[in-house]
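Each chain, written out:
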Amino acid sequence: MTLMRTAALVGNPNAGKSALFNALTGARQKIANYPGVTVERKSGRMALSSGEPIELIDLPGSYSLDAASPDEVVTRQVVLGEFPGEATPEMLVVVIDAANLQQHLVFAQEVIALGRPTVVALNMIDLAERDGLAIDPEALAASLGVPVVSTVAVRKRGLEALIEAMSGAHDQDLSARHEVSALTLPERRLSARNIAKGAILSESPEHRLHTHLDKILLHRWFGPPILFALLFVIFQAVFAWATPFADALDAGIGVLIGLAQSALPEGIIRDFLTEGVLTGVGSVVVFLPQIVILFAFILAMEQSGYMARAAFIMDRMMAAVGLSGRSFIPLLSSFACAIPGIMATRAIADPKDRLTTILIAPMMTCSARLPVYAVIIAAFIPSTTVGPGIGLQGLVLFALYVSGIIGAMLVALVLRRTVTKGGESGFIMELPRYQMPPLRDLAIGLWQRAWVFLRRAGTIIFAATIALWVLLSFPKAEAGESQLDASIAGHVADGLHTVMAPIGFNREISLALIPAMAAREVAVSALATTYAVDSDDEEEEANRLIPRLQAGWTLPTALAFLAWFVFAPQCLSTIAVARRETNGWKWPAFMLAYLFGLAYLFAGITYWSAVALGL
Ligand SMILES: Nc1nc2c(ncn2[C@@H]2O[C@H](COP(=O)(O)OP(=O)(O)OP(=O)(O)O)[C@@H](O)[C@H]2O)c(=O)[nH]1
Ligand SMILES: [Mg+2]
């Protein structure tokens with residue numbers, strides 16, 4: 001029996017080698033490990049045009065023959081015929097990604113320069129076409145000195161022509177190729193650029209622009225600062241642009257309270273409407289403009305194609321804490337709400353990766369925290385500028401979001417070394433095209449977000465606020481006694497206050513934290529209702545939440561309250577969803593414990609630092 005001849009598939013990672021391997025060999029595959037290393041050896045049988053069977057080997061992706069990783073060492077050794085026990089492949093099939101021609105040509109030239117029978121598969125031609133890129137395989141073949149065949153591995157396009165070219169490969173004239181073998185890496189890069197230029201027949205101006213955009217936005221050093229600058233601008237806008245709308249809503253609610261007070265006789269119904277419904281729920285509803293502005297930016301980032309790039313940038317940073325870019329989208333969704341975020345972790349294949357992502361998702365600042373942050377910032381942070389166009393309020397909001405992110409990354413780092421220890425997983429992602437966000441989609445997305453927010457205000461926030469109002473209003477206070485002292489809620493608050501006093505929380509805050517377990521925004525409506533019920537002053541102005549906060553709280557207390565909400569897991573739905581996604585109470589219990597612990601610690605540190613600084 002004569003030994004079967006072999007051919008090997010080589011190329012950069014993600015060129016489509018395995019897809020091509022599957023298309024060419026079908027079910028006739030064998031998978032084993034290379035002896036001595038854990039790198040997979042995939043081989044299979046295919047037939048040349050003459051019917052002669054050959055063995056095809058699928059090699060791991062590599063950027064050059066100067067190997068760095070174990071995968072690349074294997075590729076190098078097999079290609080060069082240095083791998084013990086492995087016959088030198090007689091023919092090399094270099095797979096390159098047509099949509100990333102220039103980059104892939106660098107390694108392709110190095111392989112071709114080996115001077116062996118070689119065929120180039122110009123793969124992913126469909127993606128190049130989609131991006132408005134027309135490539136001439138003939139021109140490419142002329143520059144490279146080897147046959148070039150266009151393929152779409154996943155749709156089995158171009159396979160016959162590829163087999164044809166492989167069948168003729170051993171008749172190639174190899175003498176012409178020696179001159180290129182002496183090229184250094186920078187020279188190969190330059191020549192890759194020229195070859196790519198010569199082979200690209202037409203490139204839409206759009207594609208050229210997009211390539212340039214990606215060069216800047218995905219740049220190793222410029223990319224991350226651009227992303228952070230963009231986020232910074234968003235938080236500035238949330239305050240700067242929302243104010244007139246929020247003021248108008250606030251004034252509208254004030255008018256309604258005034259109307260109710262003049263139209264209804266004094267009594268329980270009037271109190272319920274003014275103190276509970278209008279003051280309580282209204283105090284949350286006024287943040288609608290901020291929510292809408294925040295989501296306008298997030299949706300525009302998504303629809304323009306930038307969000308996937310942000311994930312790509314974050315992948316490098318997340319690798320540092322043992323997570324992959326795969327966690328980015330679930331974590332990003334958690335900025336809207338941790339519930340869809342936690343459900344989106346189903347796309348993470350590695351169970352430890354997934355668990356870590358679930359456990360840190362609640363630290364991403366969800367939109368329910370925005371009303372809490374916004375009301376405290378409006379009351380305690382002066383609306384001054386700290387630099388050209390940089391408002392202090394927006395800066396504080398940005399800092400709160402960043403604190404959540406940093407907290408999450410630190411926790412991930414610790415978890416990945418302790419309770420969720422495990423290997424790292426790679427990240428492959430196809431970047432979508434850039435486009436102008438379609439206004440219609442943007443409008444629909446915004447409408448949905450606004451509706452979700454208002455529905456929460458009308459249901460869960462309404463219910464929690466009303467329940468609190470009832471507990472605050474009964475039993476009625478004797479003359480001279482404060483209503484808060486007399487009420488059931490007041491007694492409950494006293495108990496919790498003992499625990500919360502060391503971190504600077506007053507009795508009203510302690511009380512507000514209880515119904516806020518239902519949803520974070522309830523903290524705002526609960527405070528509004530508590531102050532309204534407790535006040536003897538029927539004058540509407542004196543009962544507004546912000547003046548009451550300014551009169552009753554110190555700055556250290558306000559800052560501690562903000563710090564608390566960065567971490568506190570005050571959302572029953574999130575806990576319920578974590579239970580469902582982890583199949584048990586163990587992890588949600590762990591999550592509750594460590595997040596409350598962090599919240600207490602962080603609020604305490606903030607409070608005591610602020611007091612020490614004399615704020
Ligand atoms: N649209 C399109 N997608 C392709 C084509 N060929 C491969 N892909 C996709 O590209 C991704 C990478 O393909 P693989 O075959 O795994 O790439 P590879 O070269 O084996 O990658 P490594 O083994 O990591 O070096 C997969 O999601 C494929 O489905 C193609 O011609 N067109
Ligand atoms: Mg592969």
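Just so it is clear, the structure is predicted and the values come from calculations on it, not from any experiment.

Parameters and conventions
Residues numbered from 1 in each chain as written. Chains lettered and ligands numbered in written order. Predicted model: local features only at pLDDT ≥ 70, side-chain atom pairs only at ≥ 80, totals over all residues. Heavy atoms only, no water. Buried < 20%, exposed > 50% of the residue type's maximum accessible area, 1.4 Å probe, protein only. Helix = DSSP H or I, 4+ residues; strand = E, 2+ residues; numbered from the N terminus. Contact = heavy atoms within 4.5 Å. Near = heavy atom within 4 Å. Polar contact = N/O pair within 3.5 Å; in protein donor to acceptor, adjacent residues only side chain to side chain. Areas by Shrake-Rupley, 256 points an atom, 1.4 Å probe, with all protein chains shown as cover. Nonpolar A, V, L, I, M, F, W, Y, C, P; charged D, E, K, R; others polar. Pairing = 2+ DSSP bridges. Axes fitted to C-alpha atoms, helices over the stretch in contact; angles between N-to-C directions. 1 Å grid on protein atoms, 1.4 Å probe; cavity = no way out; pocket = protein on both sides within 12 Å on 5 of 7 lines; lining within 4 Å. Points joined across faces, edges and corners; volume = space filled by probe spheres on them. Core = buried A, V, L, I, M, F, W, Y, C linked by side-chain atoms within 4.5 Å. Left-handed = near helix turned anticlockwise from the far one by under 90°. Phe/Tyr/Trp six-rings, centres within 6.5 Å; stacked < 30°, edge-to-face > 60°. Domains from an automatic or database assignment. Salt bridge = Lys/Arg side-chain N within 4 Å of Asp/Glu carboxyl O.

1. Brief notes about helix 24 (residues 555–567)
When you tally the buried positions in helix 24, you get 11 out of 13 residues, the bulk of the element. Buried residues of helix 24: P556, T557, A558, A560, F561, L562, A563, W564, F565, V566 and F567, and no others. Of the surrounding elements, those touching the buried residues of helix 24 are helix 16 (369–380), helix 17 (392–417), helix 20 (488–500), helix 21 (507–513), helix 22 (522–534) and helix 26 (586–612).

2. Structural notes on the site of ligand 1
The local shell around ligand 1 holds 15 residues, among which G16, K17, S18, A19 and D126 are the closest. One nitrogen or oxygen atom from the main chain of G61 is found 3.1 Å from an oxygen atom belonging to ligand 1. Between D126 and ligand 1, the recorded distance is 2.8 Å, taken from a side-chain N or O atom to a nitrogen atom. Contact with the protein chains removes 70% of the 650 Å² of surface that ligand 1 exposes when unbound. Take the shell around ligand 1: its biggest share by element is 3 residues, from helix 1 (residues 17–25). Residues that form the shell around ligand 1 fall into these classes: 8 nonpolar, 5 polar and 2 charged.

3. Thoughts on the sheet that holds strand 8 (residues 148–150)
Strand order across the open sheet formed by 7 strands is 2-3-4-1-5-6-8, with mixed pairing between neighbours. The sheet terminates laterally at strand 2 (29–33) and strand 8, the two strands that pair on one side only. Each adjacent strand pair in this sheet contributes to an overall mean axis angle of 25°, direction not counted. Here strand 3 (residues 40–47) pairs with strand 4 (residues 53–58) via 6 bridges, running antiparallel. Note on strand 4: the bridge partner recorded for R45 is E55. Across the face of the sheet, helix 6 (residues 159–167) comes into contact with strand 1 (6–10), strand 3, strand 4, strand 5 (91–97), strand 6 (118–123) and strand 8 while running at roughly 165° to strand 6.

4. Observations regarding empty space enclosed by the protein
Applying the stated rule across the entire model yields 1 cavity of 30 Å³ or more. Computed from the structure, the largest cavity encloses a volume of approximately 30 Å³. Along the walls of the largest cavity sit P362, R520, P569, Q570, C571, T574, I575 and M591, which together make up its complete lining. Along the lines of polarity and charge, the residues of the lining of the largest cavity split into 5 nonpolar, 2 polar and 1 charged.

5. A look at the environment of I31
Among the secondary structure elements, I31 is positioned in strand 2. Sequence separation between I31 and G44 is 13 residues, and the spatial gap between their C-alpha atoms is 8.6 Å.

6. Describing the pairing of strand 4
With 5 of 6 residues buried, strand 4 is to be regarded as a mostly interior element. As defined by bridge partners, strand 1 adjoins strand 4 across 4 bridges and the pair is classed as parallel. Counterpart to T6 in the pairing with strand 4 is E55. Two successive antiparallel strands, strand 3 and strand 4, enclose a turn made up of 5 residues, where G51 displays a positive phi of approximately 95°.

7. Considering the nonpolar core
Judged by nonpolar contacts, the single largest core of 124 residues is most densely connected at I360, F505, L549, W553, F561 and W564. Sort the elements by how many residues they give to this core and helix 9 (residues 223–263) lands first, with 11 residues. Apart from residues no more than four positions distant in its own chain, W553 is found in contact with I376, F380, N506, I509, L527, Y531, A558 and F561.

8. What about the side chain of T279?
Residue placement: T279 occurs in helix 10 (residues 268–285). Of the residues examined, T279 reaches a relative accessible area of 16% and is grouped as buried. Here the side chain of T279 touches T274 through a polar contact of 2.5 Å, landing on its backbone oxygen. Setting aside its immediate chain neighbours within four residues, T279 contacts I257, T274, A528 and A532.

9. Concerning the packing of helix 25 (residues 572–582) against helix 26
Put simply, helix 25 and helix 26 touch, their axes get as near as 7 Å, and they point 145° apart. For helix 25 against helix 26, the interelement crossing comes out right-handed. Seen from helix 25, the contacting residues are T574, I575, A578, R579 and T582; seen from helix 26, they are W587, P588, M591 and L592. Looking at the contact of helix 25 with helix 26 residue by residue, the classes come out as 6 nonpolar, 2 polar and 1 charged.

10. With respect to the layout of surface pockets
What the second largest pocket holds in volume is close to 830 Å³. Residue assignment for the lining of the second largest pocket shows that the elements contributing at least two residues are helix 9, helix 10, helix 16, strand 11 (390–391), helix 17, helix 22 and helix 23 (545–552). Looking at the lining of the second largest pocket element by element, the count peaks at 11 residues for helix 9. Here the residues of the lining of the second largest pocket sort into 19 nonpolar, 17 polar and 9 charged.

11. Remarks on the packing of aromatic side chains
One pass over the full model with this rule turns up 18 aromatic pairs. Aromatic pair F272 and W469: ring centres 5.3 Å apart, planes at 75°, arrangement edge-to-face. One end of the pair, F272, is in helix 10; the other, W469, is in helix 18 (residues 439–473), and 197 residues separate them in sequence. Ring geometry for F505 and F561: centres 6.1 Å apart, planes at 65°, overall edge-to-face.

12. Regarding the domain arrangement of the chain
Domain annotation for the chain reports domain 1 (6–203) and domain 2 (224–421 + 438–613). The centre of domain 1, based on its C-alpha atoms, is set 54 Å off from the matching centre of domain 2.

13. Let's talk about the side chain of Q303
Position of Q303 among the secondary structure elements: in helix 11 (residues 288–303). For Q303, a relative accessible area of 18% puts it in the buried group.

14. Describing the pattern of salt bridges
Should the charged atoms of two oppositely charged side chains come close, the side chains can pair. In total, this model carries 19 salt bridges according to the counting rule given. Here E203 makes a salt bridge to R208, at a shortest N to O gap of 3.4 Å. Look at E203 and you get partly exposed, because its relative accessible area is 22%. One salt bridge connects E581 with R346, and the closest N-O pair in it is separated by 2.5 Å. Linking E581 in helix 25 with R346 in the loop between helix 14 (338–344) and helix 15 (351–360), this pair joins segments that are 235 residues apart in sequence. Salt bridges sharing common partners tie together R346, R354, R580 and E581.

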